[in-house]
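Residues per chain are reported as follows:
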Amino acid sequence: MRRRLMVATLAAAAALAAGVQARAKAPPADRVFLNGRVYTGDPARPFAEALAVRGRDLLAVGSSAELKTLAGKGTDVVDLRGRLVVPGLVDAHLHLLGGGLSLDELRLDDAFAFAEVAKRVRSWAQANADRHWVTGEGWTYVAFPDGLPSKVQLDAIVADRPAWLVSYDGHTGWANSAALRIAGVTRASADPSGGTIVRDAKGEPTGALKESAMDLVGRLVPKLLPHEKERALKRAIAQAAAWGLTGVHQAGIDDEELELVARALEASPRLRVFAALPIEREPTAEALARQDALRRRFARGRLRVGAIKGHVDGVVEAETAAMFEPYPGGGTGLTKWTQAELDRAVAAYDAAGWQVMLHAIGDRGIDMALTAFEHAARANGTLGRRHRVEHLEVPRLADLPRFKAGGVVASTQATFPYPNQNHLGVYLSILGAERAHRALAFKSIDDAGAVQAFGSDWPVFPADPIRAIACVVTRTTIEGTPKGGWEPAQRLSVEAALRHYTRDAAFAEHAEQERGTLARGLAADFVVLSQDLFAVPPERIQDTKVLLTVLAGQDTYRAPGF
Ligand SMILES: [Zn+2]
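This write-up is about the structure you can find in this document. (Residues numbered from 1 in each chain as written. Predicted model: local features only at pLDDT ≥ 70, side-chain atom pairs only at ≥ 80, totals over all residues. Heavy atoms only, no water.)

Next up on the list: the side chain of Gln291. Here Gln291 lies in helix H10 (residues 285-297). Residue Gln291 is classed as buried on the basis of its relative accessible area of 1%. Setting aside anything within four residues of it in sequence, one finds Gln291 in contact with Leu277, Pro278, Glu280, Ile308, Tyr349 and Trp354. (Helix = DSSP H or I, 4+ residues; strand = E, 2+ residues; numbered from the N terminus. Buried < 20%, exposed > 50% of the residue type's maximum accessible area, 1.4 Å probe, protein only. Contact = heavy atoms within 4.5 Å.)

Written as structure tokens, this is what we have:
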């Protein structure tokens, strides 16, 4: 008995010693961030002071005093000096290639004086000396004294290569002499049907081409080459990191872009991309097998394929979003499916284990998407697919509880309520007062208990989450208009806005067990900001700078001077 006790005591002592030894041997943290204000996103413990990182993961989240002890000889210790740390931001709906290309595009939209047009074209041409064509869009007729531009004006800016610039409304093109020469447009050319080659008094083409005559030059503009697209993707990835994004959801990706994104992320693994493949109208066994092979090939790593993306309807501005009540111009919009077709396709994907993302903007389109998701869950007996309605701009308020009930994610765009002239004038007047009141109603969506993931739809709006958070918290422009905000009852708290950009976005890609909040064992994805979003007045949120973006423990962006 006594002996046995001895043995037991010895074993316990040995185990204790081994435990202490194991602890002593545990390698110290690679990096420790102290003295910050850390928003964890974890409801049980929303704020902390410090983070410790080992490898790709968070070793600990807690007080500075506790975490200091995790630093060893080689540990990089960073004093945050009270700055705010938030989980890595995730944009739940964008288009990377389009976004990257938009960074380099020549835009003339708000150049209302000819001198400004000339300046922008000249500087773009200089910055893009390797491009065989100078191309751009967005010029307005008021910038030209005669109401139309001429080749003489453009030759004076770009003489070494063809130049082709399209008006903001897409109805007129502006060519220089080199472009007209390549297109073979001369005084002898006849006007194509439905178009006009604008000519001077002597019959000489002026360089302005209207409507179908635009094709004469437009069809010659070279398509982007794969290496140009890859360069644009790399730019997009770098810009995303600079905006504080550690992840993005690509809403629809074709085969070519999928390969290009994979290659760009191999070269520059600075972003997590969750991609959705385009929906097949008739998901045959063959089509499902092909898509499943891509899902298995991109199951882990920086690029993951995990969803299917489709469109139910169009957009408000073109009066093609599907509505229950008519638009001012008549009609109730368009749907790309009958309910039966949509139900069938969604159920087939749901049965194959896919999450389905459906673009639906009008109240009738949103009802169709929800109905298809409800049908699939019933037909297959599935739960937890986390299907998503994308955009969800003008729901019937009575339909909002269907999101929580069906486990459907509300994927909204935080910059869409930006109340500029276009929003207040065009968008709201097309909707009419009753619909405008329930459009982009983010607070109502939250109050209905839905998981709401925020995105930008970049390049529609820049994927800058700070700008987006400022927008949803104030519902004003950066100039502070309209006073008090558009539909101020729909303003969100900073906490809610951050949650939609972090935890909810992670949930929307089935990744909340790995990231989206800051806690021991989760991925070390986080962002250091220049000021405390929770403390500054709402109108100053827009001044916040991203100082550091960390993805899986590695810096993907560091502001100069930090
Ligand atoms: Zn989109």
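So, about the coordination of the zinc ion. Within the protein, the atoms that donate to the zinc ion are His93 (NE2), His95 (NE2) and Asp457 (OD), at distances of 2.1 to 2.2 Å. One chain supplies every donor to the zinc ion, and in sequence these donors are spaced H-x1-H-x361-D. In this pair, His93 is assigned in strand S8 (residues 89-94) and Asp457 in the loop between strand S20 (452-455) and helix H17 (465-474), connecting sequence segments 364 residues apart. Classification of His93 as buried rests on a relative accessible area of 1%. On the basis of relative accessibility, which here comes to 10%, the residue Asp457 falls in the buried class. (Donors = N, O, S within 2.8 Å, 3.2 Å for Na, K, Ca; no water.)

Turning our eyes to something else, we now look at H17. With nine of ten residues buried, H17 is to be regarded as a mostly interior element. Considered for burial, the residues of H17 that qualify are Pro465, Ile466, Ala468, Ile469, Ala470, Cys471, Val472, Val473 and Thr474. Residues of H17 that are buried make contact with S8, strand S14 (245-250), helix H16 (442-447), S20, helix H18 (494-501) and strand S21 (526-529). For H17, the side-chain oxygen to backbone nitrogen distance between the N-cap and Ile466 is 3.0 Å, and the N-cap itself is Asp464. (Polar contact = N/O pair within 3.5 Å; in protein donor to acceptor, adjacent residues only side chain to side chain.)

Here we take up empty space enclosed by the protein. Within this structure, the stated rule accounts for one cavity of 30 Å³ or more. Taken as a whole, the largest cavity holds about 50 Å³ of empty space. Considering the residues around the largest cavity, the lining is formed by Gly88, Val90, Thr246, Ala506, Arg515, Gly516, Thr517 and Asp525. A breakdown of the residues in the lining of the largest cavity according to their chemical character gives two nonpolar, four polar and two charged. (1 Å grid on protein atoms, 1.4 Å probe; cavity = no way out; pocket = protein on both sides within 12 Å on 5 of 7 lines; lining within 4 Å. Points joined across faces, edges and corners; volume = space filled by probe spheres on them. Nonpolar A, V, L, I, M, F, W, Y, C, P; charged D, E, K, R; others polar.)

Further remarks concern the pairing of S21. Alternating positions in S21 separate into two faces, Phe526 and Val528 on one and Val527 and Leu529 on the other, with burial throughout. Relative to S21, strand S7 (residues 84-87) is paired through four bridges, and the arrangement is antiparallel. Bridge pairing in S21 places Leu84 opposite Leu529. Bridging between S21 and strand S22 (residues 546-551) involves four bridges; their strand directions are antiparallel. Directly across from Phe526, in S22, lies its bridge partner Val550. (Pairing = 2+ DSSP bridges.)

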